[in-house]
Structures are given as C-alpha cells and as structure tokens.
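This is what each chain is made of:
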Amino acid sequence: MDYEELNRLKKKYGVAIIEDAACSYRRSIPKQKVGNHADITVFSLHPRKFITTGEGGIVATNNSELANWMDSYKHFGMATGETAREGIKFEIIGTNYKLTNIQSAIGLGQMNHIDDLLKDELS
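Residues numbered from 1 in each chain as written. Predicted model: local features only at pLDDT ≥ 70, side-chain atom pairs only at ≥ 80, totals over all residues. Heavy atoms only, no water.

### Points about the overall build of the protein chain
Under the convention used in this document: Under the scheme used here, helices are H or I runs from DSSP no shorter than 4 residues and strands are E runs no shorter than 2 residues, and both carry numbers assigned from the N terminus. Residue contacts are counted whenever heavy atoms from the two residues lie within 4.5 Å of one another. The protein chains shown are the only cover counted for residues, whose accessible areas, like all others here, come from Shrake-Rupley with a 1.4 Å probe.
Scanning the protein chain for helices and strands turns up four helices and five strands. A fraction of 29% describes how many contacts in the protein chain between residues 6 or more apart in sequence connect residues 24 or more apart. Accessible surface, the protein chain as shown: approximately 8900 Å² in total, 54% of it carbon and sulfur.

### Re a nonpolar patch on the surface
In plain terms, the rule: A patch consists of residues exposed above 30% relative accessible area that lack any salt bridge, with like charges linked at up to 9 Å and nonpolar side chains (Val, Leu, Ile, Met, Phe, Trp, Tyr) linked at up to 5 Å. Basic side-chain nitrogens of Lys or Arg form a salt bridge, by our definition, when they fall within 4 Å of a carboxyl oxygen of Asp or Glu. Buried residues are those whose accessible area, probed at 1.4 Å on protein chains only, stays under 20% of the maximum for their type, while exposed residues exceed 50% and partly exposed ones sit between those limits.
Among the surface-exposed residues, I18, V42 and V59 lie close enough to one another that they form a single nonpolar patch of about 250 Å² accessible area. Tracing the chain through its elements places V42 in strand β4 (residues 40-44). According to the relative accessible area criterion, V42 is partly exposed, its value standing at 32%.

### Concerning the confidence of the model for the protein chain
Keep this limit in mind: How sure the predictor is of each residue is captured by pLDDT, a score from 0 to 100.
Chain-level pLDDT for the protein chain is 83 on average; 86% of the residues reach the 70-or-more range. Averaged over each element, pLDDT in the protein chain is lowest for strand β2 (residues 28-29) (66) and highest for helix α3 (residues 101-111) (92).

### Observations concerning unusual backbone geometry
Phi is positive for F76, close to 65°, though the residue is something other than glycine. Residue position: F76 is located in the loop between α2 (64-74) and α3. Judged by relative accessible area, F76 falls into the partly exposed class, the value being 44%.

### Comments concerning the environment of S44
This is how it is decided: Pairing of N or O atoms within 3.5 Å defines a polar contact, subject to two protein rules: one partner must be a possible hydrogen donor and the other a possible acceptor, and residues neighboring in sequence count only if both atoms are side-chain atoms.
As for its position among the elements, S44 is in strand β4. Residues S44 and I58, spaced 14 residues apart in sequence, show a C-alpha to C-alpha distance of 6.5 Å. Polar side-chain contacts of S44 include one of 3.2 Å to the backbone nitrogen of H46.

### Digging into the environment of F43
Tracing the sequence through the fold places F43 in strand β4. F43 sits 23 residues away from D20 along the chain, and the two C-alpha atoms are 6.6 Å apart.

### Examining the pattern of salt bridges
Tallying each qualifying case throughout the model produces two salt bridges. Note that E5 is salt-bridged to R8, the shortest N-O span being 2.7 Å. Separated by three residues within a single helix, E5 and R8 lie in helix α1 (residues 3-13), roughly one turn from each other.

### Digging into the side chain of Q110
Inspection of the secondary structure assignment puts Q110 in helix α3. Setting aside residues no more than four positions away along its own chain, Q110 makes contact with F50, I51, T52 and L117.

Here it is as structure tokens:
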C-alpha cells in the first residue's frame, strides 16, 4: 500500500483514509503496526476471522475528533460528554451498533492471548 500517495490525495481532496484490516491483527506495514497509517482502521470480528466475537468489529483511530464522532454515532448521535443533568442532545443521525458484554468478553479473552495464538498460527 502506498500511504505516501494516499496521504497526498487525502490532503488534496480533504478526505479521510479508512483501512480495512480484517485479517491484519498484529501485522506491520512497513515499520508500523497496522492501524497507525490510516485515519480509521476497521478490524472484523466475524466468525471466519482470526479473532472473533461471533459478529461485529473494532473501529480504531488516534484522531480524537473522529473518535468522538464514532462514539456519538454508536449512541444514536448523542453529543459526547453529555450528562443527564445537562440534558441529552442528539446532534447527528446515529445508530446503536455495539457488541454485547458477552461478545466483548469473548473477544477480549482472545486478545489477551493474541501473541500465543499468532505464534501457533504462524508456525
């Protein structure tokens, strides 16, 4: 992937780079781990993937503005940082896309052992 060219296009057209890293857990391109090159990186947790929760995925970013937008989007478009006392404001159209606690526990259990799992996978 030519991230220098992608970054040039990103600046020219004012777009974000979204990376599909469904099968790239703990991989590097070229010297950085996957997820450090794009504005948003998406990892699938579908049953056919290496780490699974049965369905769903992970969306990662190191951009606080994008993180706040994604947090709002997954909470029906609620403004981030709102408290019940201040009143809830819905600023954007959103959804209710979230993993259940059980699905999250299954995924975290696998992530806690990812190095061992990958070692077995790669040998």
